[in-house]
Amino acid sequence: MKNYSLPPGYNFLQSLMRTYKQVKNPIGTMEESMKIYEGTYAVDLGARRLIATQDPGFIDYVLRSNHKNYHKSPIQTEELGRFLGKGLLTVNGDYWLKQRRLIQPGFHLDKIHALYAIIKQTVDNFLRTMPEGKVDVYPYMHKLAFEIVINSLFNIEVPQTTRDQLSDFINEVQEFVIKDLRQPYKSWWFKLSGEVERNLQRSRTARRIIREMINTRKQSGRKFNDLLDMLLDARYEDTGEPMHEDQVIDEILIVLIAGHETTANALAWTLYLVANHKPELEKLKSSTKNLSLTEITTNEQLANVIKGSMRLYPPAWISDRMALSDDAYGPFTYPKGIVIILFYYGLHRDEKYWPNPDSFIPDRFSKENEDKRKPKAFYPFGGGPRLCIGNNFAMAEMAIFLQTMIHAFEINPTDVHPKANPLVTLRPNRVLLDIKKSRNSGTN
Ligand code: HEM
């Protein structure tokens, strides 16, 4: 066998032990290893070899400068793909590029502008139902993020039962995928007990519901300026043909899953941080009064607070890529097939790139501080050609929500502090805040 010069790391037995420890405490275990091996280490699990890194140069190499040599690993494509189909998030290679080229224009800033009013309406309606007192805001943010994404996809009355069915499907598939990933030794049991089939059945039901909505839309002959119109109107450059109906369904399911929990987590962490940093909250309030929707989505303070929150709690705290052929980075050489784990959470809190790494300081992201920031050290939306396609949409919806929320409610901390629960996304376990409608809030 060829001699590779892998990064320093763990031998087979140590790797097995680390993996066991990591199931219990993924972030802590990785942070510990990153300290020992200075930001990049290897794990040897026999047939499966991994490199984990929080080195911004290495991450940039994999995501951007040599991206052609990397695909997403089967965990991201096959595992999620069997329930969600073949949409942008779950495919690789030529098909991914073809779909990305087709869909990308629909997410440009000028296109998503048309969705701001839908988002604002959804937020206003939602905040009218928000309870007061000591409230765990996480489930509310989860529901709100789903409402925003479903209303932006289908800018028509979607009946509550349909919303509930789709939301349950997304949540259940996600729960199952996490369970399957964490307990791979139980895969045979999940098959035998019918759990896999139950989830596949749910997936078929979700697809049938979406198909009916698409048909209703096509028959109506009307335009709604929403994401569904964008998907139906998109044409492949070479053939001028639209997507097949099944492809549209695949992409809708992907938008539902990719745009839901990530946003919910970012919103909940952001509320927690501003509640616990009163001077930041007051500064934000005074600089965001009476803004138009366009002003909200371009407001620097709102964006900086959201970035500050996603630096500390990146909803996509980790990702991976698999090398398609032997490759090298710096002093390391490694074989085809090796999986590179990109530990964004670790990089976002690495003091080499972020002084006072654990502090919430939104001003780090201000234009004046641009020169002081180290490049390539911030990956809330990933990077390179597979950068989150919904990043502008996500920043806009978060800004609209945050601006509305801080003026409509007084937000105070409690002595309960959430723990970060690193599942597929970085979920807070409980975000207990003390909230009260502001006088003149206009939300009652
Ligand atoms: C705070 C909210 C969000 C965060 C933190 C986030 C983060 C990410 C990240 C890190 C990736 C890249 C994954 C990788 O490279 O392995 C990604 C991809 C993606 N995201 Fe987002 N996302 C958010 C919101 C959204 C929204 C609102 C949508 C849709 C409306 C969306 C749709 C997608 C899609 C379709 C992809 C796959 C793109 C591709 O591979 O070409 N995301 N997201």
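Residues numbered from 1 in each chain as written. Predicted model: local features only at pLDDT ≥ 70, side-chain atom pairs only at ≥ 80, totals over all residues. Heavy atoms only, no water.

Draft legend 1. Main features of the side chain of Asn199. Turning to its location among the elements, Asn199 is positioned in helix H11 (residues 195–220). Given a relative accessible area of 2%, Asn199 falls into the buried group. Reaching out from Asn199, the side chain makes a polar contact with the backbone oxygen of Glu195 at a distance of 3.1 Å. Not counting the four nearest positions on each side in its chain, Asn199 is found in contact with Phe83, Phe169, Glu172, Val173 and Phe176. (Helix = DSSP H or I, 4+ residues; strand = E, 2+ residues; numbered from the N terminus. Buried < 20%, exposed > 50% of the residue type's maximum accessible area, 1.4 Å probe, protein only. Polar contact = N/O pair within 3.5 Å; in protein donor to acceptor, adjacent residues only side chain to side chain. Contact = heavy atoms within 4.5 Å.)

Draft legend 2. Layout of the coordination of the iron atom of the ligand. Protein coordination of the iron atom of the ligand rests on one atom only, Cys388 (SG), at 2.3 Å. Its location among the elements puts Cys388 in the loop between helix H18 (344–348) and helix H19 (391–408). (Donors = N, O, S within 2.8 Å, 3.2 Å for Na, K, Ca; no water.)

Draft legend 3. Looking closely at empty space enclosed by the protein. Across all of its chains, the model carries 1 cavity of 30 Å³ or more by this definition. Within this model, the largest cavity holds a volume of roughly 40 Å³. Lining the largest cavity are Ala266, Leu267, Thr270, Leu271, Ile306, Met398, Phe401 and Leu402. Elements supplying a minimum of two residues to the lining of the largest cavity: helix H14 (261–275) and H19. With 4 residues, H14 is the largest single contributor of residues to the lining of the largest cavity. (1 Å grid on protein atoms, 1.4 Å probe; cavity = no way out; pocket = protein on both sides within 12 Å on 5 of 7 lines; lining within 4 Å. Points joined across faces, edges and corners; volume = space filled by probe spheres on them.)

Draft legend 4. Just the site of the ligand, in detail. Near the ligand you find 28 residues, and of these Trp96, Arg100, Ser319, Arg321 and Cys388 are the closest. Trp96 has a polar side-chain atom sitting 2.7 Å from an oxygen atom of the ligand. Arg386 is positioned with one of its side-chain polar atoms (N or O) 2.9 Å from an oxygen atom of the ligand. Within the residue set of the shell around the ligand, elements represented by two or more residues are helix H5 (93–103), helix H13 (245–258), H14, strand E6 (319–323) and H19. In terms of residue count, the dominant contributor to the shell around the ligand is H19 (4 residues). Taken together, the residues of the shell around the ligand sort by class into 16 nonpolar, 7 polar and 5 charged. (Near = heavy atom within 4 Å. Nonpolar A, V, L, I, M, F, W, Y, C, P; charged D, E, K, R; others polar.)

Draft legend 5. View of the nonpolar core. Ile103, Ile252, Leu271, Met398, Phe401 and Ile411 are the most contacted members of the largest nonpolar core, which has 113 residues in total. Top element by residues in this core is H19. It accounts for 12 residues. Not counting residues within four places of it along the chain, the set of residues in contact with Leu271 comprises Val137, Met141, Phe401, Leu402, Met405, Ile411 and Leu433. (Core = buried A, V, L, I, M, F, W, Y, C linked by side-chain atoms within 4.5 Å.)

Draft legend 6. How the structure looks around the pattern of salt bridges. For the structure shown, the criterion picks out 23 salt bridges. Here Asp124 and Lys120 are joined by a salt bridge, their closest N and O atoms 3.2 Å apart. Here Asp124 pairs with Lys120, and both are found in helix H7 (residues 116–128), just 4 residues apart, close to one helical turn. The exposure class of Lys120 is partly exposed, given its relative accessible area of 22%. Across the pair Glu280 and Lys283 runs a salt bridge whose closest N-O atoms are separated by 3.7 Å. Here Glu280 and its partner Lys283 are both found in helix H15 (residues 278–286), 3 residues apart, which amounts to about one turn of the helix. A residue is classified by how much of its surface remains accessible, and Glu280, at 16% relative accessible area, is buried. Looking at Lys283, the relative accessible area reads 41%, which means it is partly exposed. Three or more residues are tied together by salt bridges with common partners; here these are Arg207, Arg211, Lys218, Glu245, Asp246 and Asp250. (Salt bridge = Lys/Arg side-chain N within 4 Å of Asp/Glu carboxyl O.)

Draft legend 7. Examining the packing of helix H1 (residues 12–24) against helix H2 (residues 26–36) more closely. Between H1 and H2, the shortest axis-to-axis distance is 5 Å and the interhelical angle comes to 135°. When the axis of H1 is compared with that of H2, the two are oblique. Between H1 and H2, the contacting residues are Arg18, Lys21, Gln22, Val23 and Lys24 on the first element and Pro26, Thr29, Met30, Glu32 and Ser33 on the second. Tallied by class, the residues present in the contact of H1 with H2 amount to 3 nonpolar, 3 polar and 4 charged. (Axes fitted to C-alpha atoms, helices over the stretch in contact; angles between N-to-C directions. Parallel < 35°, antiparallel > 145°, perpendicular 65-115°, else oblique.)

Draft legend 8. The sheet that holds strand E1 (residues 9–10), seen in detail. Strand order in the open sheet formed by 6 strands is E1-E2-E3-E9-E6-E4, with mixed pairing between adjacent strands. Either end of the sheet is taken by a strand with one partner, and the two such strands are E1 and strand E4 (70–71). Pairing geometry for E4 and E6, over 2 bridges, is antiparallel. Bridge pairing in E6 places His71 opposite Met322. Along the sheet, H1 contacts E1 and strand E2 (40–45); its crossing angle with E2, the most-contacted strand, is approximately 100°. (Pairing = 2+ DSSP bridges.)

Draft legend 9. Molecular detail of the pairing of strand E3 (residues 48–53). Strand direction decides the pairing type here: E2 and E3, joined by 6 bridges, are antiparallel. In the strand pairing of E3, Asp44 is matched with Arg49. Between the antiparallel neighbours E2 and E3 lie 2 residues, among them Gly46 with a positive phi of about 70°. One ladder, built from 4 bridges, connects E3 with strand E9 (residues 339–342); its direction is parallel. What sits directly across from Thr53, in E9, is Leu342.

Draft legend 10. View of the sheet that holds strand E10 (residues 409–412). Spatial ordering of the open sheet is given by E5-E13-E10, a layout of 3 strands whose pairing is antiparallel. Strands with a single pairing partner mark the edges of an open sheet, and in this sheet they are strand E5 (133–136) and E10. When strand polarity is set aside, the average angle formed by the axes of neighbouring strands in this sheet is 40°. Note that E10 and strand E13 (residues 432–437) share 4 bridges and pair antiparallel. Of the residues in E13, the one forming a bridge with Glu410 is Lys436.

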